[in-house]
Each structure stands twice: as structure tokens, then as C-alpha cells.
Amino acid sequence: MISDVGEVCGQDKVICGFLQTLIPVDFLAPLIATLITVVLILTLALVVRNVAKRLIIRVVSRAATGGSITGRFRRSGAATEGIDALLHERRKQRAETMGSVLQHIASIVIMGTAVLTVLDRLTIPIAPLLTSVGILGVAIGFGAQELVKDFIAGMFMLLEDQYGVGDVIDSGAAVGTVEAVTLRVTRLRDADGRVWYIRNGTITRIGNESQGWSRAYLDVPVAWNTDVTTVRAILEHVAEEIWADTDFRETLIVEEPSVFGVEQLSDSSVVFRISAKTLPSKQAQVARELRLQVKSALDAAGIPMVATA
């Protein structure tokens with residue numbers, strides 16, 4: 001009896017043998033057993049795919065949330081809150097993009113395996129199919145090398161967090177603020193309002209002005225015969241005042257500005273330099289305030305600024 005079941009049912013011996021005890025017609029049992037097996041395989045594949053998607057979504061949700069950068073400073077303000085919101089949006093976009101990629105990969109692998117298993121159950125030879133798919137994949141790979149290059153570069157860019165939405169970057173081809181990031185292209189808007197679409201595979205270097213912190217520099221040229229001790233004292237007083245200002249301290253400036261002293265000498269001028277460590281992309285705003293306060297302090301002391309050569 002067992003050998004008869006094996007000959008009639010083939011691979012579905014358990015289900016087919018059970019059906020033979022219920023269905024008097026022998027040829028219906030293998031057919032129904034095969035259909036049930038196919039349905040079970042596809043159902044299991046769908047369940048596994050849904051479980052994988054749920055796991056990926058959960059991981060993505062955790063990756064999209066992160067700590068606040070204001071914890072690095074003693075006081076938080078509107079600027080750091082804005083940076084926190086920007087970084088949160090950046091993490092969210094990166095996590096959602098990677099989650100979408102992982103979901104597609106999981107679906108292709110799981111459903112592809114299920115389809116091949118079903119074809120094998122139906123005794124359809126899959127070797128020619130795999131060969132054809134392999135040849136087609138090679139042909140597509142040769143024809144879409146640039147597209148594949150863009151996608152791979154985009155994946156590594158997202159994984160390594162090289163830049164994100166809101167960052168000011170120098171991509172070589174253009175300098176501007178990142179407005180959108182996908183696996184294939186990065187969209188920038190420069191200072192003139194021009195929008196640049198840059199393929200990720202063509203980017204060989206990135207200069208990011210918005211990660212971690214920035215630095216504002218201010219060179220102050222005064223006449224050669226000016227007392228350098230007096231000028232240095234005035235500039236240090238300006239640095240102390242701007243650091244004591246709650247509108248700037250730890251909301252735009254994260255460390256007390258430093259007066260480097262004499263930075264350059266020429267036959268007509270002495271150049272002092274002030275440096276201030278700022279929040280990302282805030283160096284221009286801080287530099288403007290430094291210029292204003294330094295000009296006011298030097299005017300009050302009767303010390304003129306001179307043009308540098």
C-alpha cells in the first residue's frame with residue numbers, strides 16, 4: 001500500500017495518502033494534494049513576508065528615533081531645538097529609505113523562493129528558468145551599470161550617514177542645501193535658488209558643513225602703529241560679552257570665542273583673528289554678529305580698521 005501511495009502521490013505522500021482514504025477516485029487525490037501543498041507554500045510565504053516586514057518596520061521605527069543633541073550642552077534653546085527636529089527628520093528619512101529597500105529585498109527573496117518551490121512541486125523543471133533569469137540578469141547588469149552604481153552608492157551614503165536633508169554640502173558639481181535624498185539621486189538647491197539633481201554614483205567627494213559643529217572666523221585688520229595689547233584686550237572683551245549673551249551662548253555658540261592674536265602682518269596692517277565654535281550651519285550668523293560688535297568696540301576706542309593688501 002505504501003509503495004502504491006508513493007507511486008501515485010509523488011512528493012505529497014502524507015497529504016495524498018490521507019486524501020486517498022477519503023476520496024474513492026485515485027487520480028483526484030494527487031491533484032487535490034498538490035493544490036493544497038501549493039496553497040500552503042504560498043500562505044506560509046505570505047506569513048513569513050508579513051512577519052519580516054513587521055520586524056523591519058519595528059527596527060526602522062527604533063532607528064528613526066534618537067537622542068537629542070541638546071544633551072551635549074548645558075542649556076537648550078530655539079536653535080538646538082530646530083537642529084534636533086532637523087536631525088530627527090534626517091534619521092527618519094534615512095531609516096524609512098533603508099526600510100523600504102529591505103522590505104523589497106525580503107519580498108523578492110521570500111516570494112521568489114516560494115515560486116520556485118511551487119514550480120518544483122508541480123514537476124516543472126526550474127533549471128532552464130534559472131539559467132534564463134541568470135542570463136537576463138547579466139544582460140540587464142551590463143545595460144544598467146550606471147543605475148546599479150547609483151543605487152549602491154546611495155545605499156552606502158545612507159548607511160554611513162554622509163549627509164541628509166537640510167545639510168549644506170559641497171558635492172563637487174554643486175554647493176547647496178540638500179532638499180531630497182533617494183537611492184539614485186540627490187537634490188540640491190544652491191544660493192541662487194537653482195536646483196541641482198546629482199546622481200549618487202557620480203559623487204566622489206562630499207564636504208558637509210552641517211555635521212556636528214561649524215566654526216566662524218573673523219579677521220580684524222588694524223593699523224601698523226596700533227597698540228596690539230589694547231586691540232587684543234578689546235577683542236577679548238567682545239568675545240566675553242557675546243559668550244555671556246543668552247541669545248548666543250549655547251543656542252548658537254557652543255564654546256567661548258577665542259582671540260588667536262596676531263594672525264598676519266604686512267607693511268601697513270596687523271590682522272587679529274577671532275574664532276567661534278557654532279552649531280552646524282550657524283557660522284555665518286555668528287560671524288555677522290562678531291563683525292558688528294567688533295566694529296562698535298573699535299569705534300568706541302577710536303581705533304580705525306584698515307584695508308588689507
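Please read these numbers as outputs of a predicted model, since none were measured by experiment.

### Regarding a nonpolar patch on the surface
Here's step 1: Among the surface-exposed residues, Leu31, Ile32, Leu35, Ile36 and Leu40 lie close enough to one another that they form a single nonpolar patch of about 430 Å² accessible area.
Here's step 2: Inspection of the secondary structure assignment puts isoleucine 32 in helix H3 (residues 28-64).
Here's step 3: Under the relative-accessibility criterion, isoleucine 32 is labelled partly exposed at 31%.

### What about the nonpolar core?
One recurring pattern in soluble globular proteins: nonpolar side chains tend to sit buried together.
Here's step 1: The biggest cluster of nonpolar side chains holds 24 residues, and the ones touching the most others in it are Val220, Val222, Leu235, Phe272, Val286, Leu290 and Val294.
Here's step 2: For this core, the secondary-structure elements that each account for two or more residues are strand S6 (214-223), helix H7 (228-244), strand S8 (269-278) and helix H8 (283-301).
Here's step 3: The biggest single contributor to this core is H7, with 6 residues.
Here's step 4: For leucine 290, the residues in contact, after removing those within four places along its chain, are Leu218, Ile242, Ile274 and Ala276.
Here's step 5: Membership of the second largest hydrophobic core comes to 13 residues, among which are Met98, Val101, Ile169 and Leu188.

### Topic: the sheet that holds S6
Here's step 1: The strand order across the open sheet formed by 3 strands is S6-S8-S7, and the pairing between neighbours is antiparallel. Only two strands of the sheet have a single partner each, and these edge strands are S6 and strand S7 (258-265). Taking the axes of each pair of neighbouring strands and ignoring which way they run, one obtains an average angle of 25 degrees across the sheet.
Here's step 2: Taken together, the 10 bridges between S6 and S8 define a ladder with antiparallel strand orientation. Residue pairing across strands places arginine 215 opposite lysine 277, the latter belonging to S8.

### As for the pattern of salt bridges
Here's step 1: On inspection of all chains with the given rule, the structure shows 11 salt bridges.
Here's step 2: A salt bridge links arginine 199 to aspartate 150; the nearest nitrogen and oxygen atoms lie 2.9 Å apart. Residue arginine 199 is located in strand S4 (residues 195-199), and its partner aspartate 150 is located in helix H6 (residues 145-160); the two are separated by 49 residues in the primary sequence.
Here's step 3: The exposure class of aspartate 150 is buried, given its relative accessible area of 2%.

### Thoughts on H6
Here's step 1: End to end, H6 covers 22 Å across 16 residues, agreeing with the expected 22 Å (1.5 Å per residue, within 8%).
Here's step 2: Buried within H6 we find Asp150, Gly154, Met157 and Leu158. One side of H6 carries all its buried residues, which in axial view fall inside an arc of 95 degrees.
Here's step 3: In the stretch just after H6, aspartate 161 is the one whose phi turns positive, near 55 degrees.

Parameters and conventions
Residues numbered from 1 in each chain as written. Predicted model: local features only at pLDDT ≥ 70, side-chain atom pairs only at ≥ 80, totals over all residues. Heavy atoms only, no water. Patch = residues over 30% accessible without salt bridge, like charges linked within 9 Å, V, L, I, M, F, W, Y side chains within 5 Å. Areas by Shrake-Rupley, 256 points an atom, 1.4 Å probe, with all protein chains shown as cover. Salt bridge = Lys/Arg side-chain N within 4 Å of Asp/Glu carboxyl O. Helix = DSSP H or I, 4+ residues; strand = E, 2+ residues; numbered from the N terminus. Buried < 20%, exposed > 50% of the residue type's maximum accessible area, 1.4 Å probe, protein only. Core = buried A, V, L, I, M, F, W, Y, C linked by side-chain atoms within 4.5 Å. Contact = heavy atoms within 4.5 Å. Pairing = 2+ DSSP bridges. Axes fitted to C-alpha atoms, helices over the stretch in contact; angles between N-to-C directions. Expected span 1.5 Å × (residues − 1). Arc of directions from axis to C-beta.

The analysis is restricted to geometry; functional conclusions fall outside its scope.
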